[in-house]
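What follows is each chain in one-letter form.
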Amino acid sequence: MDRSMKKLGEAELEIMQVIWKAGVPVTSSFILKELQDRRKWQLSTLMTSLSRLVDKGFLRCDRASGNNLYASIIAENDFKAKESKSFLEKLYNNSLQNMVATLYSSKAIKDSDMDELRKFLDDLEAK
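Reading guide: rules and limits
Residues numbered from 1 in each chain as written. Predicted model: local features only at pLDDT ≥ 70, side-chain atom pairs only at ≥ 80, totals over all residues. Heavy atoms only, no water. Helix = DSSP H or I, 4+ residues; strand = E, 2+ residues; numbered from the N terminus. Expected span 1.5 Å × (residues − 1). Buried < 20%, exposed > 50% of the residue type's maximum accessible area, 1.4 Å probe, protein only. Arc of directions from axis to C-beta. Contact = heavy atoms within 4.5 Å. Pairing = 2+ DSSP bridges. Salt bridge = Lys/Arg side-chain N within 4 Å of Asp/Glu carboxyl O.

Trainee: Sorry, what's going on with helix α3 (residues 43-55) here?
Mentor: One turn of the α-helix equals 3.6 residues, which is why residues spaced by three or four share an orientation. Over its 13 residues, α3 extends 18 Å from the first C-alpha to the last, a length consistent with the 18 Å expected when each residue adds 1.5 Å. Among the residues of α3, those classed as buried are Leu46, Ser49, Leu50 and Leu53. Buried residues of α3, seen end-on, are gathered within an arc of 100 degrees and therefore sit on one face of the element. For α3, exposure combined with an orientation more than 90 degrees from the buried face picks out Ser44 and Asp55. Looking at the packing, one finds that the buried side of α3 touches α1 (10-22), α2 (28-35), β1 (59-62) and β2 (69-72). At the exit of α3 stands Gly57, carrying a positive phi of roughly 90 degrees.

Put into structure tokens, the structure is as follows:
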């Protein structure tokens, strides 16, 4: 994975989530429609953000069809893995145990979440 992967702002992440979810190249109109409940953007605002995402290396724009079709260059799981690792390093000194303990003691996760995590870990070990 590229260690120089740029950061995404909140709005840029929302755009990327729409594109990742679509799974195929999409138009700016499609993205605008998908975001309409969360963002009251004009097309020009979206186009600026899309241009920035192309410059950052997250998207490519295919103009061959006459429509600008935007597709992801960076896989969603690659982005999530890098962001998760960075988050863990910055806030919890790279300790997953510290993160879970903090979330549990602050009641951000419940006993049922811990049971789900325990089952997930048991299933991983069984493989």
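That covers the picture; the talk isn't over yet.
Trainee: Please explain the pairing of β2 as it appears in this structure.
Mentor: For β1 and β2, the ladder comprises 4 bridges, and the chain directions are antiparallel. Its bridge partner lying in β2, Leu59 is registered against Ser72. Hairpin connection of β1 to β2: 6 residues between the antiparallel strands, including Gly66 at a positive phi of 95 degrees.

Trainee: I would appreciate a short explanation of the pattern of salt bridges in the present structure.
Mentor: Pairing is possible between side chains of opposite charge, provided their charged atoms come close. Taken as a whole and assessed by the stated rule, the structure comprises 9 salt bridges. The salt bridge partner of Lys7 is Glu83, with a shortest N-O separation of 3.5 Å. Within this pair, whereas Lys7 is found in the segment before α1, its partner Glu83 is found in helix α4 (residues 76-92), the two being separated by 76 residues in sequence. Residue classification places Glu83 among the partly exposed positions, given a relative accessible area of 27%.

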